[in-house]
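Analysis of the macromolecular model
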Amino acid sequence: MSENDGIAKVIEGYRHFSEEVYPEHRELFEQLRNKQNPQVLFITCADSRIDPSLITHTDPGDLFICRNIGNIVPAYGEMMGGVSAVVEYAVMALKVTDIIVCGHSDCGAMKAMRDPDAASLAAMPTVKSWLRNADAALGVVLAKYPNTSGDHMTRALIEENVLLQLQHLRTHPAVAAGIASGTVRLHAWIYNIGNGRVLVFDEAAQEFAPIEQVLGIESGKSQGSRHRGPAPEARPSTTIG
Ligand SMILES: [Zn+2]
């Protein structure tokens, strides 16, 4: 492997897109030329193994996406920066109706929260500072499971962090107003990288459970005909929701 393999793969992928995929879906891209109308804000981790459009089987223009380490949303006023601006713009200007915070299995950020020394967090002051926005999740996990460690602790942190970030979202004025008026809904998701399944937080049961079970969706049926977007051959033949 040469050191250029990474960028070479990306450039070759772009070539395939511009020569094959774009022409097949020219109509969609032309519709999107001067406007976007996404209904969903999707907030997830920067982890390379997550592809929001792939796992939701959606097209360009469908998802407004915000990614960062640990799928974190700082509470309003804590860190007025990129994430807060995305949230405000999505709700006020784009008028998204749903906001998904999607954590994931094997999250490096949550493993670093569990074991800061092993993750060498001291050498990464910016990451360390950013992860303070998830400190309360660690507090909750240690209170609920005083003897937890290892993979169990990581899983608990992943879950509590997603719920914490939903709480943080509610502190943003635009979101609070949207929830109060019934125009914005929040969703807590956890994507399992190894098996491709999504768990969602079941408000009634107060636990994460398979999305099909919580929403009463039939699974395993192809809905490929709904797909309008690029590279259908690269997409799974079933959709979630
Ligand atoms: Zn992650």
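Refer to the structure printed above.
Here we summarise the structure given alongside this text. (Residues numbered from 1 in each chain as written. Predicted model: local features only at pLDDT ≥ 70, side-chain atom pairs only at ≥ 80, totals over all residues. Heavy atoms only, no water.)

1. A closer look at the packing of aromatic side chains
What counts is decided by this rule: We call Phe, Tyr and Trp rings a pair once their centres come within 6.5 Å, taking the six-membered ring for Trp, and we label the pair stacked below 30 degrees between planes, edge-to-face above 60, and tilted otherwise. For every residue, the accessible area (1.4 Å probe, protein chains only) is compared with the maximum for its type, and the residue is labelled buried under 20%, exposed over 50%, or partly exposed between those bounds.
Counted under the stated rule, the structure contains six aromatic pairs. Between Phe17 and Tyr22 the ring centres are 6.4 Å apart and the planes differ by 70°, which places this aromatic pair in the edge-to-face class. A residue is classified by how much of its surface remains accessible, and Phe17, at 30% relative accessible area, is partly exposed. According to the relative accessible area criterion, Tyr22 is partly exposed, its value standing at 22%. Ring pairing ties together the aromatic residues Phe17, Tyr22 and Phe29, which thus form one cluster.

2. Some thoughts on the environment of Gly178
Inclusion rule: Going along the chain from the N terminus, every DSSP run of H or I of four or more residues is numbered as a helix, and every run of E of two or more is numbered as a strand. Throughout, a contact is declared for two residues whenever any of their heavy atoms are within 4.5 Å.
When you line up the elements, Gly178 lands in helix α9 (residues 173-181). You can call Gly178 buried: its relative accessible area is 5%. Between the C-alpha atom of Gly178 and that of Val91, which follows or precedes it by 87 residues, the distance is 7.7 Å. Excluding residues that lie within four positions of it along the chain, Gly178 makes contacts with Thr183 and Val184.

3. Description of the coordination of the zinc ion
Where we set the bar: Here the term donor refers to an N, O or S atom within 2.8 Å of the metal (or 3.2 Å for Na, K and Ca), and because water is left out of the atoms, sites may appear incomplete.
Those protein atoms acting as donors to the zinc ion are Cys45 (SG), His104 (NE2) and Cys107 (SG), and they sit at 2.0 to 2.3 Å. In the primary structure, the donors to the zinc ion are separated according to the pattern C-x58-H-x2-C. As far as the burial class goes, His104 and Cys107 line up, both buried.

4. Some remarks on the pattern of salt bridges
Operational definition: Between Lys or Arg on one side and Asp or Glu on the other, a salt bridge is scored when a side-chain nitrogen of the former is within 4 Å of a carboxyl oxygen of the latter.
Counting across every chain of the model gives nine salt bridges. With a closest N to O distance of 2.8 Å, Glu12 and Arg15 form a salt bridge. With a gap of three residues between them, Glu12 and Arg15 both fall in helix α1 (residues 5-24), about one helical turn apart. Residue Arg15 is classed as partly exposed on the basis of its relative accessible area, which comes to 36%. With a shortest N-O distance of 2.7 Å, Lys144 and Glu160 are connected by a salt bridge. Placement of the pair is Lys144 in helix α7 (residues 135-144) and Glu160 in helix α8 (residues 150-170), with a sequence separation of 16 residues. Since its relative accessible area comes to 11%, Glu160 is described here as buried. Connected through salt bridges with shared partners, the residues Asp47, Arg49, Asp106 and Lys111 form a single ionic network.

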